[in-house]
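# Chain and residue survey
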Amino acid sequence: MVDFARSPRSTIGVEWELALLDKDSLDLTSAAEVLLADVAQRAPEFEKRIVGEMLTNTIELVTGVHKQVSGIAEDLAASMGALRTLTEDRGIELMSAGTHPFAQWQSQEVRAKDRYLELVDRTQWWGRNMLIFGVHVHVGIDSRDKVLPIVNALLAYVPHLQALSASSPFWGGTDTGYASNRAMMFQQLPTAGLPFQFEAWSDYEKYVADMLTTGIIDNINEIRWDIRPAPNWGTVEVRVCDGLPTLEEITAITALIQCLVDDFSARLDAGETLPTMPDWFHDENKWRAARYGMDAIIIENAEADERLVTECLADEVTRLAPVAQRLGCVDELNSITSIIDRGVPYQRLQNVFKDSESLAEVTRCLISDLRTSYT
């Protein structure tokens, strides 16, 4: 049995992965262990909020559980302020994007934790290539029976979230031609990518049991889907998004995800069956959004109707307005419109590179965006 720890409906938590950069070279620096020791000594109240990740060039900010997106913003800003005090003393800069524009994967160190070392040992070249950063959003679900219908319905919004958050057009010093190269990279890992669509919780339990029995996973957390049940937390976890450069973008996307999940929850309570699409539509939508970003024409429904993702996003902001009012995130949801108007992350980065022809300048832009977004 896979027990699901029921949570208060539509409560939220966020995990935000940050890259650690040498302030002079702007390249990644393997400083996570030193910084985590600094946190333990100088800011112990943040030990559960500022944590390590797979690579020693990464620090992750983890929020507590909040009812409103404004609480997420305050939580992240506090953790960022504490972390910034420590990084300033050590000559370290911070940035967040799906990838670092020019860093080389061969130079990166894996943290000496068994689960990370085992992953790299199993996946070899692909595992060592996971020089990527993301944002994960958890939303509380008040009934286990809602989890799989909500996961299946959320799949239709993978292209919306992928396009809006795309921030990895450059990888290893190369212009990849993708808005989100991270999306293409991460799905190479076993058990990563889009989830299967299960109709019953028992089907999901059978899948987990088979994965454990055959040794594909040792722990349920090793199922690394873009959207997945998080049974231990009682949440649905949305892992689609690239690393986001600014706090405004974090809160806007968190608001969109919270509103979508709460809307689905309410519709299930009303006896509605949530819409789904064939898996091949979802596969195609993910690729289109990763490749073309905001210029992607996506498949909207099971009838194969297609529209520009920007038009779909505009309609969703309008449709979800009453939900945002109920959840107290109207301003954050509406900020999606202003983010699109000024350019989503990959577009801003491409414009900087077009003007400067310098990936160092692209990196400086990311550092500046993060620094000015929470102060």
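Up top you'll find the structure we're talking about.
No experiment lies behind these values; they were computed from the predicted model shown.

What the protein chain contains, in helices and strands, is 15 helices and 13 strands. Taken against the 2.2 N^0.38 rule, which gives 21 Å for 375 residues, the C-alpha radius of gyration of the protein chain at 20 Å falls within 12% of a compact globule. Seen through its C-alpha atoms, the protein chain measures out along the principal axes to roughly 60 × 45 × 40 Å. Carbon and sulfur atoms provide 48% of the accessible area of the protein chain, an area that totals close to 15500 Å². The distance from the centre of the 33 positive side-chain charges to the centre of the 57 negative ones in the protein chain is 3 Å.

Bringing the packing of aromatic side chains into the picture now. Counting across every chain of the model gives 16 aromatic pairs. Taken together, a centroid distance of 5.8 Å and an interplanar angle of 75° make the contact between Trp105 and Trp125 edge-to-face. With Trp105 in the loop between β4 (92-95) and α3 (114-123) and Trp125 in helix α4 (residues 125-128), this pair connects stretches of sequence that are 20 residues apart. A relative accessible area of 17% means that Trp105 is categorised as buried. Aromatic rings pair up to connect Phe4, Phe196, Phe198, Trp201, Tyr204, Tyr207 and Trp225 into one cluster.

In this structure the tally under the stated criterion is three cavities of 30 Å³ or more. Estimated volume of the largest cavity: approximately 60 Å³. In terms of lining, the largest cavity is formed by Tyr204, Ile220, Asn221, Ile223, Arg228, Pro229, Ala230 and Pro231. Of all the elements, strand β10 (residues 227-230) adds the most residues to the lining of the largest cavity, at three residues. For the lining of the largest cavity, the residue count by class is six nonpolar, one polar and one charged. Of the volumes computed, that of the second largest cavity is approximately 50 Å³. As for the second largest cavity, its lining consists of Gln162, Arg182, Ala183, Phe186, Gln187, Asp226, Arg239, Val240 and Lys286.

Where empty space is left becomes clear once a probe the size of a water molecule has been rolled over the atoms. When its volume is computed, the largest pocket comes out at roughly 1300 Å³. Considering the residues around the largest pocket, the lining is formed by 49 residues, among which Glu15, Glu53, Glu60, His136 and Arg228 are closest to the centre. The element best represented in the lining of the largest pocket is strand β1 (residues 12-22), accounting for five residues. Broken down by class, the residue content of the lining of the largest pocket amounts to 19 nonpolar, 15 polar and 15 charged. Lining the second largest pocket are 15 residues, with Ala156, Tyr157, Pro275, Glu300 and Glu316 positioned closest to its centre. Counting residues per element, the ones that place at least two in the lining of the second largest pocket are α5 (144-154), α9 (247-269) and α11 (309-319). Tallied by class, the residues present in the lining of the second largest pocket amount to eight nonpolar, four polar and three charged.

This part covers a negative patch on the surface. On the surface, a cluster of negative charge is made up of Asp114, Glu118, Asp121 and Asp218. Residue placement: Glu118 occurs in helix α3.

Now for helix α15 (residues 359-373). Every α-helix winds through 3.6 residues per turn, so residues three or four apart in the chain are directed the same way. Taking 1.5 Å per residue as the helical rise, α15 with its 15 residues ought to reach 21 Å, and the 21 Å between its terminal C-alpha atoms agrees with that figure. Here α15 has its buried residues at Leu359, Val362, Thr363, Cys365, Leu366, Ile367, Asp369 and Leu370. The inward-facing, buried residues of α15 contact β1, α2 (69-89), β4, β6 (170-171) and α14 (345-356). The N-capping residue of α15, defined by a side-chain oxygen 3.2 Å from the backbone nitrogen of Ala360, is Ser358.

Okay, the packing of α9 against α11 next. For the pair α9 and α11, interaxial distance at closest approach is 11 Å and the crossing angle is 60°. Relative to α11, the element α9 lies oblique. Where α9 crosses over α11, the handedness of that crossing is left-handed. Contacts from Leu256, Leu260, Asp263 and Arg267 of α9 reach α11 at Leu313, Glu316 and Arg319.

Positive phi is not limited to glycine here, since Leu26 has a value of about 65°. In this structure, Leu26 sits in the loop between β1 and α1 (32-42). Residues other than glycine seldom take positive phi values, yet Gln124 does so here, at roughly 55°. Counting through the fold element by element, Gln124 comes out in the loop between α3 and α4. Taking relative accessible area as the criterion, Gln124 reaches 38% and is therefore assigned partly exposed.

Direction vectors running N to C along α5 and α9 enclose 125°, while the axes themselves pass 10 Å from each other. Considering the angle they form, α5 stands oblique to α9. For the pair α5 and α9, the sense of crossing is right-handed. Across from Lys146, Pro149, Ile150, Ala153 and Leu154 in α5, the residues of α9 making contact are Leu260, Val261, Phe264, Ser265, Leu268 and Asp269. Here the residues of the contact of α5 with α9 sort into eight nonpolar, one polar and two charged.

Procedures and definitions
- Residues numbered from 1 in each chain as written.
- Predicted model: local features only at pLDDT ≥ 70, side-chain atom pairs only at ≥ 80, totals over all residues.
- Heavy atoms only, no water.
- Helix = DSSP H or I, 4+ residues; strand = E, 2+ residues; numbered from the N terminus.
- Rg over C-alpha atoms; globule rule 2.2 N^0.38 Å.
- Areas by Shrake-Rupley, 256 points an atom, 1.4 Å probe, with all protein chains shown as cover.
- Lys, Arg positive; Asp, Glu negative; His and termini not counted.
- Charge placed at Lys NZ, Arg CZ, Asp CG, Glu CD.
- Phe/Tyr/Trp six-rings, centres within 6.5 Å; stacked < 30°, edge-to-face > 60°.
- Buried < 20%, exposed > 50% of the residue type's maximum accessible area, 1.4 Å probe, protein only.
- 1 Å grid on protein atoms, 1.4 Å probe; cavity = no way out; pocket = protein on both sides within 12 Å on 5 of 7 lines; lining within 4 Å.
- Points joined across faces, edges and corners; volume = space filled by probe spheres on them.
- Nonpolar A, V, L, I, M, F, W, Y, C, P; charged D, E, K, R; others polar.
- Patch = residues over 30% accessible without salt bridge, like charges linked within 9 Å, V, L, I, M, F, W, Y side chains within 5 Å.
- Salt bridge = Lys/Arg side-chain N within 4 Å of Asp/Glu carboxyl O.
- Expected span 1.5 Å × (residues − 1).
- Contact = heavy atoms within 4.5 Å.
- Polar contact = N/O pair within 3.5 Å; in protein donor to acceptor, adjacent residues only side chain to side chain.
- Axes fitted to C-alpha atoms, helices over the stretch in contact; angles between N-to-C directions.
- Parallel < 35°, antiparallel > 145°, perpendicular 65-115°, else oblique.
- Left-handed = near helix turned anticlockwise from the far one by under 90°.

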